[in-house]
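Notes for the structure review
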Amino acid sequence: MLKLKGSIKISGDKSISHRALIFASLSTGRVTISNLLESDDVLRTLNILKELGIKIIKKENKWIVFGNGTGGYFQPSQVLNCGNSGTTSRLIMGAVSSNPISCTFIGDKSLSKRSMSRLSTYLERMGAEITLTNKDFLPLYITGNTNLLPMEHIMQKASAQVKTALILSALNLRGKTKIIEKKNTRDHTERLMKYLKIKYKKKILNTNSTSIELNGPYEIKPKNISVASDPSSAAFFIVGALIIPKSNITLKNIALNKTRIAFIDVLKKMGGKIRIKKTKTISGEEVGDIKVSYSLLHGVKIESKYSPYLIDEYPILSIAASQARGFTIMEGLSELRHKESDRIKSITINLSKVGFNVIQKKDNIKIEGTKRIELKYQKKIKTYGDHRIAMSFSILNLLYKDKLIIDDESCISISYPDFKKHLKKLSAFY
Ligand code: S3P
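Residues numbered from 1 in each chain as written. Predicted model: local features only at pLDDT ≥ 70, side-chain atom pairs only at ≥ 80, totals over all residues. Heavy atoms only, no water.

Side note on the overall build of the chain
The following threshold applies: Helix numbers and strand numbers start at the N terminus; a helix is a DSSP run of H or I with at least 4 residues, a strand a run of E with at least 2. Two things to know: the radius of gyration comes from C-alpha atoms, and the globule rule equals 2.2 Å times the number of residues to the power 0.38. Under the scheme applied here, a residue whose accessible area is under 20% of the maximum for its type counts as buried, over 50% as exposed, and between as partly exposed, the area being computed with a 1.4 Å probe on protein chains only. Contact between two residues is taken to exist if any of their heavy atoms lie within 4.5 Å; hydrogens are not considered.
Helix and strand counts for the chain stand at 13 helices and 23 strands. A compact globule built from 430 residues would reach a C-alpha radius of gyration of about 22 Å, and the chain, at 21 Å, matches this within 12%. Considered along the principal axes of its C-alpha atoms, the chain spans approximately 65 × 45 × 45 Å. In the chain, which comprises 430 residues, the share counted as buried stands at 59%. Contacts spanning at least 24 positions in sequence make up 76% of the contacts within the chain whose residues lie at least 6 apart.

Structure, rendered in structure tokens:
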């Protein structure tokens, strides 16, 4: 029988990797980045920065970025291809908007269906010229300039990507930019700015709302960046160890950022035996080791107010729910429709196909867990090209002895190219 056992260091965090590259490109000199995630999405950002005139080389295991200062991007000679990466498209769009250059952004089929007006409306108000396809989508053309109007932005939707894009734009603008978040989102950008000594004011407006104030333009002094390991990637093995009998694993160097590890609180509430030990702080992010052992889980209700902190983990949480006693209810998932796939649909369809009782009503999902499903025949899992769906069902597949046939595993390289290798390393038999 298979179990998960042993200890591994998870790959670098995707969100921090994108930010590390972009902030390094805006610095006034040479920045060495270690533990950068070399996934398809992050490499899209890296290659686009090269297109924008930034020299980036790899030396041994590290990446060296020769920053050109804020406002230092050159006119690209080619279209900027963001592939599947929403983070690349939004962050780079913000970063180029305050440079006097014109760029064309394109993406793959899935990215071309995701909303870009959620960012472009803010940039247009500031004075950037933007043309979208069908008023919302890629391909998109943007002409930026250094004289965009710095202003106050009230974020209508909770989105760390949009917030970060507006911050990146503000770094090269003369004057005050204020961004008000009604619902807080992941704060890697703010942490990295603090680490890089970029001055900004963050005020807590009430329990769930903050404002960030910047006063540009900035000169960013080069400082080396070490990327913490990705908690969202760790989540797959954490749930794997919780649902596979006799498992016991340790995952190392994981970013313990509060805006990212809410899924651990949920899993603990479900009865998961998970222990966290903080070890150090790297480049502004606390990191530590996470120990997990097999647990008997029970269903819980996850209220909508937690959704910005669980946005990437709902697929794997739904796998945990499928193995828990009773019902798990996930509420307020509307933003899941705007991810790499419509995740409400991809979770519901695939779990139902395996045989679970899943009820989807509007933006809520209710899953009845059971350990009693035995599969006689193979079942085809449709990933819709979504890496997190592919990895989540690969974890469930460990319980079903490969009876689940995942239609497209290649998308895993979007966020976690070493997933299979790491899974193999943790797999043991008894
Ligand atoms: C990300 C923010 C989240 C998340 C995405 C990465 C980021 O998207 O889903 O995978 O790096 O800022 P939102 O913009 O919806 O917060």
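As for the pairing of strand β19 (residues 357-361)
We apply this condition: For two strands to pair, DSSP has to find at least two bridges joining them.
Bridge count between β19 and strand β20 (residues 364-369): five bridges; the pairing is antiparallel. Looking at β20, one finds that Q360 is bridged to I365. In textbook terms, the turn of a hairpin is the stretch between consecutive antiparallel strands, and for β19 and β20 this stretch comprises two residues, one of which, K362, has a positive phi near 50°.

A few points about the sheet that holds strand β17 (residues 301-302)
Two strands in a sheet stick together by hydrogen bonds in their backbones, pointing the same way (parallel) or opposite ways (antiparallel). As a reminder of what qualifies: Here, axes are lines fitted to C-alpha atoms. For helices the fit covers the stretch in contact, and angles between N-to-C directions go from 0 to 180 degrees.
Strand order in the open sheet formed by four strands is β17-β18-β20-β19, with mixed pairing between adjacent strands. Of all strands in the sheet, those with a lone pairing partner are β17 and β19, marking the two edges. Bridge count between strand β18 (residues 326-330) and β20: five bridges; the pairing is antiparallel. Within the sheet, the bridge partner assigned to M330 lies in β20 and is I365. Against the sheet, helix α10 (residues 314-322) touches β17, β18 and β20, its axis set at about 35° to β20. Against the sheet, helix α11 (residues 343-354) engages β19 and β20, with an angle of about 155° to β19.

A short note on the site of the ligand
Defined as follows: We call a residue near a molecule or strand whenever a single non-hydrogen atom of that residue lies within 4 Å of it. Within 3.5 Å is the distance limit for a polar contact, defined as a pair of N or O atoms, with the added protein rule that one can donate a hydrogen and the other accept it, and that residues adjacent in sequence qualify only through two side-chain atoms. Accessibility throughout is a Shrake-Rupley quantity obtained with a 1.4 Å probe, and a residue counts as covered only by protein chains that appear here.
In the vicinity of the ligand, the contacting residues are K14, S15, R19, T87, S159, A160, Q161, R186, I311, D312 and K339. One of the side-chain N or O atoms of R19 is found 2.6 Å from an oxygen atom in the ligand. Take D312: an N or O atom from its side chain is 2.8 Å from an oxygen atom of the ligand. A total of 390 Å² of accessible area belongs to the ligand in isolation, and the protein chains cover 95% of it. Looking at the shell around the ligand, the elements that each hand over two or more residues are α1 (14-25) and α5 (160-170). A total of three residues in the shell around the ligand trace back to one element, the largest contributor, which is α1.

Some remarks on the sheet that holds strand β1 (residues 2-9)
As summarised here, the arrangement of the five strands in space is β15-β16-β14-β1-β23, forming an open sheet in which the pairing is mixed. Only two strands of the sheet have a single partner each, and these edge strands are β15 (273-282) and β23 (427-429). Sheet twist, expressed as the mean angle between neighbouring strand axes with direction ignored, is 25°. Across five bridges, the pairing between β1 and strand β14 (residues 248-255) is parallel. Opposite G6, over in β14, you have I249 as the bridge partner.

Re the packing of aromatic side chains
Worth spelling out the cut-off: Here a Phe, Tyr or Trp ring, Trp counted by its six-membered ring, pairs with any other such ring whose centre lies within 6.5 Å, and the pair is stacked when the planes are under 30 degrees apart, edge-to-face when over 60, and tilted otherwise. Note on criteria: charge over ring means Lys NZ or Arg CZ within 6 Å of the ring centre, with the direction from the centre no more than 35 degrees off the ring normal.
Overall, the coordinates contain four aromatic pairs when judged by the stated rule. Their ring planes at 70° and their centres at 6.0 Å tell us that F237 and Y416 sit as a pair that is edge-to-face. Linking F237 in helix α7 (residues 231-243) with Y416 in the loop between β22 (404-406) and α13 (419-426), this pair joins segments that are 179 residues apart in sequence. A relative accessible area of 0% means that F237 is categorised as buried. Between F237 and F419 the ring centres are 5.5 Å apart and the planes differ by 10°, which places this aromatic pair in the stacked class. Here the residue F237 occupies a position in helix α7, and F419 occupies one in helix α13, the gap between them amounting to 182 residues. For the pair F237 and F419, one class covers both residues: buried. One Lys or Arg, K223, reaches over the ring of Y195 and ends 3.9 Å from the middle of that ring. The residue whose ring lies beneath K366 is F327, and the NZ or CZ to ring-centre distance is 4.8 Å.

Brief notes about α7
Operational definition: Residue count minus one, scaled by 1.5 Å, sets the expected span of a helix.
For α7, which comprises 13 residues, the first-to-last C-alpha distance of 18 Å matches the rise-based estimate of 18 Å (1.5 Å per residue) to within 8%. A large share of α7 lies buried, amounting to 13 of its 13 residues.

Observations regarding the pattern of salt bridges
We apply this condition: When a carboxyl oxygen of Asp or Glu is within 4 Å of a side-chain nitrogen of Lys or Arg, the pair counts as a salt bridge.
As enumerated under the stated definition, the model contains 21 salt bridges in all. E38 is paired through a salt bridge with K58; the nearest N and O atoms lie 2.8 Å apart. Here E38 is found in the loop between β2 (30-34) and α2 (40-51), whereas its partner K58 is found in strand β3 (residues 55-59), with 20 residues between them in sequence. What makes K58 partly exposed here is its relative accessible area of 39%. Notably, a salt bridge pairs D342 with R337, separated by 3.0 Å at the nearest N-O pair. Since its relative accessible area comes to 32%, R337 is described here as partly exposed.

Let's talk about the pairing of β15
Summarising the sheet, β15 and strand β16 (residues 285-293) pair through nine bridges and their orientation is antiparallel. Following the sheet pairing, K273 is matched in β16 by S293. The turn joining β15 and β16, which pair antiparallel and follow one another in sequence, is formed by two residues; a positive phi near 45° is taken by S283.

Considerations on the packing of α10 against helix α12 (residues 387-397)
Rules: If an angle is under 35 degrees, it is roughly parallel; if it is over 145, roughly antiparallel; if it lies from 65 to 115, roughly perpendicular; otherwise it is oblique. Rotating anticlockwise by less than a right angle from the far helix to the near helix defines a left-handed crossing, while the corresponding clockwise rotation defines a right-handed one. The residue classification treats Ala, Val, Leu, Ile, Met, Phe, Trp, Tyr, Cys and Pro as nonpolar and Asp, Glu, Lys and Arg as charged. All others, Gly included, are polar.
Look at α10 against α12: their axes get within 8 Å of each other, and the N-to-C directions meet at 25°. With respect to each other, α10 and α12 are oriented roughly parallel. Crossing handedness for the pair α10 and α12: right-handed. Within the contact between the two elements, α10 uses P315, I316, I319 and S322 and α12 uses R388, I389, S392, F393, I395 and L396. The residue inventory of the contact of α10 with α12, partitioned by class, reads seven nonpolar, two polar and one charged.

Fair warning: the whole summary comes from geometry, so function is off the table for now.
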